[in-house]
Amino acid sequence: MANAQDKQVEDSMAMGTATRPETMPVGVRGVNAPSMSRLQHISLQYGLDCNDEELEVYKEKMIEVLRAFKSLAAMTEPIPEVKYPRTPGYRPKPQDNPYNAWYWRCDIRGACTGLLAGRTVAIKDSIQVAGVPMMNGSRVLEGFMPPIDATVVTRVLDAGGHITGKAACEDMCLSGSGSMCGTGPVRNPHKEGHVTGGSSSGCAALVAAREVDMAIGGDQGGSVRFPACWSGIVGLKPTYGLVPYTGACSMERSLDHLGPMAATVRDCALLLQTIAGYDDGNDTRQPRDLRVPNYTEQLKGDPKQLKIGVVKEGFANCHDPVNGIVRGALDKLRAAGATVEDVSIPAHIEASGVFTTITAHGIGESMLKAEGVQIGDRGMQSTALADAQRRGFRAHSQYLSYVTKLFLLTSEYVREEYGFHFYSKARNISHEITASFNAALEKYDVLAMPTIVYPAPEIPTTTTPIGEMIDHSSGMLQNTAVFNVTGHPAISINAGFTADGLPVGLMLVGKLWDDVTVLDAAYAWERLRGADDTPRV
């Protein structure tokens, strides 16, 4: 049941007015002084070796420090304006949700005119939409009612978009399969009983089924591109920082991306044009001089203008049907006039350990301990979301998915045993990996490889062993995760279908901040393939 604060948000959203609800977690309003036993515990935990006499002094001094917290508690926190009226919506019935792709339905209409006028848009449920319930695929956040619209949500509405609901996603976005959502697996529209890919699973299924025109997904290791691949649509992970992350759930700040998903490259470019751009300092990852080109106007789709480097390492362990379909697509591009050459980038394989290390540390420190707050960052923070995560992790962490539990256990163990040695080393090595791809992209316009080296597997059953469930959720990272580490733009577009009707993705990767060339290369393939060749389901 919604609490009084949620009801206040609910009522104000229906009237189209913004409120500023208090977001203080239980016990913070009074900012209580610590007990001696609590200070003794902290002293022991950190090896401070404080005797009781010392702790009495520290306690008195802490009371003086905590006066600042008390004064802050009385202040009103500024939050962005909620510009467009809405009601909280509803959880759809199973018969109205055939792929289990919707988490929540709503009806939020934006401006009367704009780039997205007349277009329907789904928002991944890791992104805040004011006054509409949000769970980030997890029981941890179930019942949370955000008080703000994420920046990308406001931009969609300002451009005339019509938001028709929140798309289901994996538990805390920590799975690439589409089978770990707290509301149940999302089903592949192309083949019954198979996964969609995740964690933006609902977004892909809804676009593939033509229930929406486009969607905004999140990508920390491939979570836009996995479901785009296995659902036969277009999904772009933009250059790191091009699209503001303000108002979305963070997994690890250096890996976090939001990106467009659509049935065609042109619609993907149109949505990117809408949501990209500087966010007035709210997302400090963005350069102040960030400019957004007219992506749709620059789509030419001429293969003769393309130099494509086919990354040998991207085909390691590739299943035969995927290998044949992706190489067949590249052969067609070559026949149409593109320069297509093999290139070896050994760093592509080495990046796997770097990504895993960064992710394992980041999930524990950022998601669990910092509750999604970006410590040391001057950008906008989501206080209400942080409070909800704190409450949720304390009350419902037993319901987290197997993958999330694995990463939390690993993060805490590695931190206790080795500190941040490996995180620091991984971040430093990531610069060398980035340089390796930059060097290859000096010769080629884009790099090419399969998005995922095998087709979508079947949805696991309730009797599938835990180890197999974990492997099922993370085995697809081979080619995608490296570009979350380096930040290069990467797009997945349908390359064809296996004999039994499963989509196969071609991934194209471009220079940093050259998202337009990545889109144009994908458009060139789409024109050769035929934009309408993807079956409507």
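Remember, predicted model here, so these are calculated numbers, not experimental data.

1. Things to note about the packing of helix α8 (residues 320–335) against helix α15 (residues 515–529)
Line of reasoning, step 1. Viewed as axis vectors pointing N to C, α8 and α15 meet at an angle of 95°, and their least axial separation amounts to 10 Å. Judged on the interaxial angle alone, α15 and α8 are roughly perpendicular. Together, Ala329, Lys332 and Leu333 of α8 and Ala524, Trp525 and Leu528 of α15 make up the contact between the two elements.
Line of reasoning, step 2. Looking at the contact of α8 with α15, its residues break down into five nonpolar, no polar and one charged.

2. Overview of the pattern of salt bridges
Pairing of side chains with opposite charge becomes possible as their charged atoms draw close.
Line of reasoning, step 1. Overall, the coordinates contain 16 salt bridges when judged by the stated rule.
Line of reasoning, step 2. Close ionic contact of Asp125 with Lys166 constitutes a salt bridge, the shortest N to O distance being 2.8 Å. Here Lys166 lies in strand β3 (residues 162–167) and Asp125 lies in the loop between β2 (120–124) and α4 (151–158), a separation of 41 residues in the sequence.
Line of reasoning, step 3. Here Arg415 makes a salt bridge to Glu412, at a shortest N to O gap of 2.8 Å. Placement of both Arg415 and Glu412 in helix α11 (residues 402–418) is noted, with a separation of three residues, approximately one turn of the helix.
Line of reasoning, step 4. By relative accessible area, Arg415 is classed as partly exposed at 25%.
Line of reasoning, step 5. Residue classification places Glu412 among the partly exposed residues on the basis of a relative accessible area of 26%.

3. Looking at the confidence of the model for the protein
Line of reasoning, step 1. Predicted confidence across the protein gives a mean pLDDT of 92, with 93% of residues reaching 70 or more.
Line of reasoning, step 2. When mean pLDDT is compared element by element in the protein, strand β9 (residues 446–450) scores highest at 99, while helix α1 (residues 4–15) scores lowest at 42.
Line of reasoning, step 3. Ignoring residues within four places in sequence, the model shows residues 1–28, a span with pLDDT below 50, making 49 contacts including any to other chains.

4. Some words on empty space enclosed by the protein
Line of reasoning, step 1. For the coordinates displayed, the defined rule picks out two cavities of 30 Å³ or more.
Line of reasoning, step 2. Each pocket or cavity is described by its volume, and for the largest cavity that value is around 220 Å³.
Line of reasoning, step 3. Along its surface, the largest cavity is lined by 20 residues, and Ala248, Gly372, Gln374, Met380 and Ser382 are the ones closest to its centre.
Line of reasoning, step 4. Looking at the lining of the largest cavity residue by residue, the class counts come to seven nonpolar, nine polar and four charged.
Line of reasoning, step 5. Of the volumes computed, that of the second largest cavity is approximately 60 Å³.
Line of reasoning, step 6. Residue lining of the second largest cavity: Ser126, Asn136, Met172, Cys173, Gln220, Tyr245, Cys249, Ser250, Met251, Met367 and Gln389, and that is the complete set.
Line of reasoning, step 7. A class-by-class count of the residues in the lining of the second largest cavity yields six nonpolar, five polar and no charged.

5. Examining the side chain of Asn479
Line of reasoning, step 1. Residue placement: Asn479 occurs in the loop between α13 (466–474) and α14 (482–486).
Line of reasoning, step 2. Owing to a relative accessible area of 1%, Asn479 belongs among the buried residues under this scheme.
Line of reasoning, step 3. A distance of 2.8 Å separates a polar side-chain atom of Asn479 from the backbone oxygen of Pro450.
Line of reasoning, step 4. Excluding anything up to four places from it in sequence, Asn479 contacts Glu313, Gly314, His348, Met449, Pro450, Thr451, Val453 and Met507.

6. Considerations on the UniProt feature "domain: Amidase" (unreviewed entry) in the protein
Line of reasoning, step 1. UniProt records the feature "domain: Amidase" (unreviewed entry) at residues 111–519, using the numbering of this structure.
Line of reasoning, step 2. Within residues 111–519, the helical portion is 35% and the strand portion 14%, while the C-alpha atoms at the span's ends are 27 Å from each other.

7. Remarks on the environment of Val326
Line of reasoning, step 1. Positionally, Val326 belongs in helix α8.
Line of reasoning, step 2. Distance in space between the C-alpha atoms of Val326 and Glu170 is 27 Å, their sequence separation being 156 residues.

8. Re the packing of aromatic side chains
Line of reasoning, step 1. Tallying each qualifying case throughout the model produces five aromatic pairs.
Line of reasoning, step 2. Between Tyr413 and Tyr418 the ring centres are 6.4 Å apart and the planes differ by 85°, which places this aromatic pair in the edge-to-face class.
Line of reasoning, step 3. Classification of Tyr413 by relative accessible area gives partly exposed; the value is 44%.
Line of reasoning, step 4. Look at Tyr418 and you get partly exposed, because its relative accessible area is 42%.
Line of reasoning, step 5. Residues Tyr418 and Phe422 carry aromatic rings whose centres are separated by 5.6 Å and whose planes lie at 80° to one another, so their mutual orientation is edge-to-face.

9. Observations regarding the sheet that holds strand β11 (residues 503–510)
Line of reasoning, step 1. An order of β1-β3-β2-β4-β6-β5-β10-β11-β9-β7-β8 is seen for the eleven strands of this open sheet, with the pairing classed as mixed. Edge strands, defined here as strands with exactly one partner in the open sheet, are β1 (102–109) and β8 (339–343). Each adjacent strand pair in this sheet contributes to an overall mean axis angle of 25°, direction not counted.
Line of reasoning, step 2. Judged from the five bridges that link them, β2 and β3 form a sheet pairing that is parallel. Note on β3: the bridge partner recorded for Thr120 is His162.
Line of reasoning, step 3. Contacts between α4 and the sheet are confined to β1, β2, β3, β4 (214–219) and β6 (257–262), with β3 contributing the most and set at about 150° to the helix.
Line of reasoning, step 4. Relative to β4, helix α5 (residues 201–208) is tilted by about 155°, and along the sheet it contacts β1, β2, β3, β4 and β6.

10. What about helix α3 (residues 52–73)?
Line of reasoning, step 1. Across its 22 residues, α3 extends 30 Å between first and last C-alpha, which sits within 8% of the 32 Å expected from 1.5 Å per residue.
Line of reasoning, step 2. Roughly 30° is the biggest bend found in α3, and it falls at Val65.
Line of reasoning, step 3. Residues of α3 that are buried: Leu55, Leu66 and Ala73.
Line of reasoning, step 4. At its buried positions, α3 is contacted by α2 (36–45).

11. Thoughts on α5
Since the α-helix turns once every 3.6 residues, residues separated by three or four places project in the same direction.
Line of reasoning, step 1. With eight of its eight residues buried, α5 lies for the most part within the structure.
Line of reasoning, step 2. What α5 keeps buried is the set Ser201, Gly202, Cys203, Ala204, Ala205, Leu206, Val207 and Ala208.
Line of reasoning, step 3. Against β1, β2, β3, β4, α6 (225–231) and β6 lie the buried residues of α5.
Line of reasoning, step 4. One or two steps after α5, the chain reaches Arg210, where phi turns positive at roughly 60°.

12. What about the side chain of Thr451?
Line of reasoning, step 1. One can find Thr451 in the loop between β9 and α13.
Line of reasoning, step 2. You can call Thr451 buried: its relative accessible area is 0%.
Line of reasoning, step 3. Only 2.8 Å separates the side chain of Thr451 from the side chain of Ser492, close enough to count as a polar contact.

Rules of the game
Residues numbered from 1 in each chain as written. Predicted model: local features only at pLDDT ≥ 70, side-chain atom pairs only at ≥ 80, totals over all residues. Heavy atoms only, no water. Axes fitted to C-alpha atoms, helices over the stretch in contact; angles between N-to-C directions. Helix = DSSP H or I, 4+ residues; strand = E, 2+ residues; numbered from the N terminus. Parallel < 35°, antiparallel > 145°, perpendicular 65-115°, else oblique. Contact = heavy atoms within 4.5 Å. Nonpolar A, V, L, I, M, F, W, Y, C, P; charged D, E, K, R; others polar. Salt bridge = Lys/Arg side-chain N within 4 Å of Asp/Glu carboxyl O. Buried < 20%, exposed > 50% of the residue type's maximum accessible area, 1.4 Å probe, protein only. pLDDT = per-residue confidence, 0-100. 1 Å grid on protein atoms, 1.4 Å probe; cavity = no way out; pocket = protein on both sides within 12 Å on 5 of 7 lines; lining within 4 Å. Points joined across faces, edges and corners; volume = space filled by probe spheres on them. Polar contact = N/O pair within 3.5 Å; in protein donor to acceptor, adjacent residues only side chain to side chain. UniProt positions renumbered as here; feature names shortened; annotations may be inferred. Phe/Tyr/Trp six-rings, centres within 6.5 Å; stacked < 30°, edge-to-face > 60°. Pairing = 2+ DSSP bridges. Expected span 1.5 Å × (residues − 1). Bend = angle between axes of the 7 residues up to and from the residue.

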